[in-house]
Amino acid sequence: MEKFETLITNAVPLPMEDVDTDQIIPARFLKATTREGFGNNLFRDWRFEQDNITKKDFVLNNPTYEGKILVAGKNFGCGSSREHAAWALFDYGFRVVVSSFFADIFKGNALNNGLLPITVSPEFLHELLSSIEKNPQTELMVDLEAQRIAILDNGKHEHFEIDPYKKMCLLNGYDDIDYLLSKKDKIEAFEKTQIIF
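Residues numbered from 1 in each chain as written. Predicted model: local features only at pLDDT ≥ 70, side-chain atom pairs only at ≥ 80, totals over all residues. Heavy atoms only, no water.

1. Quick word on the packing of aromatic side chains
Overall, the coordinates contain eight aromatic pairs when judged by the stated rule. Their ring planes at 25 degrees and their centres at 5.5 Å tell us that Tyr92 and Phe94 sit as a pair that is stacked. Tyr92 gets classed as partly exposed once you look at its relative accessible area, which sits at 32%. Here a set of aromatic residues connected by ring pairs shows up, and it is made of Phe43, Trp46 and Phe58. Residue placement shows Arg95 over the ring face of Phe90; its charged tip is 3.6 Å from the ring centre. (Phe/Tyr/Trp six-rings, centres within 6.5 Å; stacked < 30°, edge-to-face > 60°. Buried < 20%, exposed > 50% of the residue type's maximum accessible area, 1.4 Å probe, protein only. Lys NZ or Arg CZ within 6 Å of the ring centre and 35° of its normal.)

This is how it looks when you write it as structure tokens:
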């Protein structure tokens, strides 16, 4: 995985609540077994008509908005447990999703795939969405080390929680296997101290 470094970027607003994983990546696109290419079908039924013509009123089709952060409404990633939802968001180019509530399985899948889900208060989520609506060029900063998300235009910020193990993995670009491999020398040294009967 890529190391997660301090991120300063514009954001894409999606102020919709209860966005489920079938809306994020429809089930008919789950046939592939590798992570690549899912971004093409992110929010497919919201982005495209049946004849593959883009829907101009959907935010991802609006050139005004861009960036590596998706700011979503409450209860993002609910529904089925498909890991492909995190794959699609990451493959599209998002590195952070912000919401006031995430479904637990989606949150775990996101963290396991290098996508940082940040839970903020409803008040700060409203502040984020309002700032982006007023100025689509608003830059946000995500400092994972300090566990802080900030609106650079006005300095407003909020602390966020993250599991310490997952934080360490993101900062180092580790998945679970990479983490074990990083401890290989210690594991081998420990094994040498064990008595075999």
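2. Concerning the sheet that holds strand S6 (residues 140-143)
Spatially, the four strands line up as an open sheet ordered S1-S6-S7-S8, and their pairing is antiparallel. Since the sheet does not close on itself, it has two edges, and those belong to strand S1 (7-9) and strand S8 (157-159), each with one partner. Direction aside, neighbouring strands of the sheet carry axes that sit 10 degrees apart on average. Pairing geometry for strand S7 (residues 148-151) and S8, over three bridges, is antiparallel. The residue of S8 that forms the bridge with Ile149 is Glu158. Against the sheet, helix H5 (residues 122-134) makes contact with S6, S7 and S8, and its axis sits at roughly 40 degrees relative to S7, the strand it touches most. (Pairing = 2+ DSSP bridges. Helix = DSSP H or I, 4+ residues; strand = E, 2+ residues; numbered from the N terminus. Axes fitted to C-alpha atoms, helices over the stretch in contact; angles between N-to-C directions. Contact = heavy atoms within 4.5 Å.)

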